[in-house]
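Observations on the three-dimensional arrangement
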Amino acid sequence: MKETVVSGIRPTGKLHLGNYFGAVANFVKMQHDYNCYFFIADLHSLTTHPTPSDLHGYVKHILVEYLACGINPEETTIYVQSDVPEVAELYLYLNMNAYLGELERSASFKDKIRSHPDNVNAGLLTYPTLMAADILIHRATKVPVGKDQEQHLEMTRTFSNRFNRLYNNDFFPEAQAYNFSQNLVKIPGLDGSGKMSKSSGDGNCIYLSDSPEVIRKKISRAVTDGGPAEENQAKPEAIQNLFDLMKIVSTPDTLTHFDELYSKMSIRYGDFKKQLAEDMIVFNTPIREKIEDLSKDTVYLRQVAKHGALKARESAHKTIKAVREIIGFKSF
Ligand code: TYM
């Protein structure tokens with residue numbers, strides 16, 4: 001029996017390199033060896049109240065991008081979260097055993113109340129239980145995600161272990177965050193600090209669908225400094241971030257070349273950025289072209305989403321049926 005893998009992405013915009021290297025690249029690699037469920041987390045995105053047309057457009061974007069990146073819908077189950085109502089049912093059950101204190105302590109909740117103090121809704125508070133429901137609905141053991149999701153996975157384990165203890169069984173397995181390269185990754189953005197993230201603005205992100213002109217412009221505006229002040233000095237964060245980006249899209253030789261120039265204080269950031277931009281363009285061009293083609297094929301997209309929903313519901317139904325029995329909802 002193949003191990004089960006689940007992961008998802010919130011449809012809040014287009015996919016960027018952080019989403020790709022933190023999550024989707026792993027989806028593509030895992031699809032041959034695992035029983036995979038990759039979904040579009042549209043229920044999660046309701047916490048920020050998107051308009052109906054934005055929401056639909058973003059869901060379509062992610063579906064297209066999953067396919068353009070090479071996820072094969074014949075081999076894996078690709079689905080839209082809201083097409084599987086069993087997820088919402090499991091979310092309800094898990095919420096009964098999720099405590100206010102632990103939900104309030106979640107780093108992402110604290111972040112959100114800081115950045116959106118005017119919209120601290122119950123969906124934000126219970127975001128980790130919905131995420132646990134996503135994972136446990138297929139009883140997954142591996143969850144390919146970026147470093148920022150580590151705490152959510154810990155909470156998923158807390159909820160599943162608590163459910164098992166409460167009902168004195170071992171129905172839910174323990175799910176672990178996963179990355180092919182062993183360590184979970186955090187891809188930096190272009191603004192000199194932190195991670196690549198939509199919430200830090202478009203200028204901080206390189207999207208998979210960005211054209212070569214847009215990539216050149218964004219990279220040329222990326223934050224740098226006045227250059228190294230002494231030989232072999234450690235790189236400040238903004239510079240290290242750009243080197244980290246080069247590491248994922250350029251050849252090892254290119255990276256070593258610029259690293260040596262930096263150490264010898266002879267680096268010219270203009271040349272460095274030009275090379276980085278061109279290597280990013282080489283990386284994303286085939287994906288961007290597929291995105292453009294697939295976006296037009298509404299019939300195919302509908303077929304993929306429909307087929308995925310059927311397969312996901314089949315698995316979800318089995319879990320919910322068993323959970324209902326365990327809880328004591330028995331039919332007369
Ligand atoms: P979301 O939509 O914020 O991000 C989707 C995935 O992209 C990863 N990611 C990154 N990885 C590395 N570096 C970055 N700069 C970067 N930015 C984003 C995230 O870690 C994530 O893997 N809660 C999830 C969606 C979700 C989910 C789930 C994931 C809902 N239910 C169940 C796994 C299992 C989220 O908001 O991801």
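This one's a predicted model, so the numbers in the text were calculated from it and none came from an experiment.

Let us now look at the side chain of aspartate 210. Of note, aspartate 210 is situated in the loop between β5 (176-178) and α10 (212-220). Among the residues examined, aspartate 210 registers a relative accessible area of 5% and is labelled buried. A distance of 2.9 Å separates a polar side-chain atom of aspartate 210 from the backbone nitrogen of tyrosine 207. If we ignore the near neighbours within four places in the chain, the residues touching aspartate 210 are Cys205, Ile215, Lys218, Asn284 and Arg288.

Before going further, it helps to spend a moment on the domain arrangement of the protein. Domain annotation of the protein identifies domain 1 (4-185 + 297-327) and domain 2 (198-292). Between the C-alpha centres of domain 1 and domain 2 the distance comes to 31 Å. Residue-level contacts link 14 residues of domain 1 with twelve residues of domain 2. Summing both sides of the interface, domain 1 and domain 2 together bury roughly 1300 Å²; the carbon and sulfur share of this comes to 72%. The largest share of the area that domain 1 buries against domain 2 comes from His16, Leu17 and Ala68, three residues that together contribute 41% of it. Here domain 1 and domain 2 share zero salt bridges between them. Our count for the domain 1 to domain 2 interface comes out at three residue pairs in polar contact (both at pLDDT 80 or more).

This paragraph deals with the site of the ligand. Not every one of the 26 residues close to the ligand is listed here, only the nearest: Arg10, Tyr127, Asp134, Asp148 and Ile187. A distance of 2.8 Å separates an oxygen atom of the ligand from a polar atom in the side chain of tyrosine 127. Measuring from an oxygen atom of the ligand, one finds a side-chain N or O atom of aspartate 148 at 2.4 Å. Protein coverage of the free-state accessible area of the ligand, which is 710 Å², stands at 97%. Where the shell around the ligand is concerned, the elements lending two or more residues are β1 (4-9), α1 (17-30) and α8 (127-136). Looking at side-chain class alone, the shell around the ligand contains twelve nonpolar, nine polar and five charged residues.

Under the 1.5 Å per step criterion, the end-to-end length of α1 is 18 Å for 14 residues, consistent within 8% with the ideal 20 Å. Of all the bends in α1, the greatest, near 40 degrees, is centred on alanine 23. The buried fraction of α1 amounts to 13 of the 14 residues, a majority that puts the element mostly inside the structure.

For the coordinates displayed, the defined rule picks out 14 aromatic pairs. Between phenylalanine 27 and phenylalanine 38, the aromatic rings sit 4.1 Å apart at their centres with planes inclined by 5 degrees, giving stacked as the arrangement. Here phenylalanine 38 lies in strand β2 (residues 35-40) and phenylalanine 27 lies in helix α1, a separation of eleven residues in the sequence. Exposure class is identical for phenylalanine 27 and phenylalanine 38. Each is buried. Ring centres of phenylalanine 163 and tyrosine 167 lie 4.9 Å apart, and the angle between their planes is 55 degrees; this geometry places the pair in the tilted category. When its relative accessible area of 27% is taken as the criterion, tyrosine 167 is described as partly exposed. Of the aromatic side chains, those joined through ring pairs into one cluster are Phe163, Tyr167, Phe171 and Phe172. Looking at lysine 14, its charged tip hangs above the ring of tyrosine 207, at a distance of 4.9 Å from the centre. When the ring centre of phenylalanine 243 is taken as origin, the NZ or CZ atom of lysine 235, which lies over that ring, is 4.4 Å away.

What follows covers the pattern of salt bridges. Side chains that carry opposite charge are capable of pairing whenever their charged atoms lie near each other. A full pass over the atoms with the stated rule returns 13 salt bridges. Arginine 114 is paired through a salt bridge with aspartate 111; the nearest N and O atoms lie 3.5 Å apart. Within this pair, arginine 114 and its partner aspartate 111 are both found in helix α6 (residues 107-115), separated by three residues, close to a single helical turn. Overall, arginine 114 belongs to the exposed group, its relative accessible area being 60%. On the basis of relative accessibility, which here comes to 44%, the residue aspartate 111 falls in the partly exposed class.

Buried residues dominate β1, accounting for five of its six residues. As judged from the six bridges shared by β1 and β2, these two strands associate in the parallel manner. Its bridge partner being in β2, valine 6 is matched across the sheet by tyrosine 37. With respect to chirality, the unit in which β1 leads through α1 into the neighbouring parallel β2 is right-handed.

The subject of this paragraph is the pairing of strand β3 (residues 77-80). Working note: regular strand, side chains alternate between the two faces of the sheet. What you see with β3 is no split at all: Thr77 and Tyr79 on one side and Ile78 and Val80 on the other are buried throughout. Of the pairings in the sheet, the one linking β2 to β3 comprises four bridges and is parallel in character. Looking at the pairing, tyrosine 37 lines up with threonine 77 of β3.

Thresholds, definitions, all that
Residues numbered from 1 in each chain as written. Predicted model: local features only at pLDDT ≥ 70, side-chain atom pairs only at ≥ 80, totals over all residues. Heavy atoms only, no water. Helix = DSSP H or I, 4+ residues; strand = E, 2+ residues; numbered from the N terminus. Buried < 20%, exposed > 50% of the residue type's maximum accessible area, 1.4 Å probe, protein only. Polar contact = N/O pair within 3.5 Å; in protein donor to acceptor, adjacent residues only side chain to side chain. Contact = heavy atoms within 4.5 Å. Domains from an automatic or database assignment. Buried area = accessible area lost by both parts, 1.4 Å probe. Salt bridge = Lys/Arg side-chain N within 4 Å of Asp/Glu carboxyl O. Near = heavy atom within 4 Å. Areas by Shrake-Rupley, 256 points an atom, 1.4 Å probe, with all protein chains shown as cover. Nonpolar A, V, L, I, M, F, W, Y, C, P; charged D, E, K, R; others polar. Expected span 1.5 Å × (residues − 1). Bend = angle between axes of the 7 residues up to and from the residue. Phe/Tyr/Trp six-rings, centres within 6.5 Å; stacked < 30°, edge-to-face > 60°. Lys NZ or Arg CZ within 6 Å of the ring centre and 35° of its normal. Pairing = 2+ DSSP bridges. Right-handed = clockwise from strand over helix to strand, strands pointing away.

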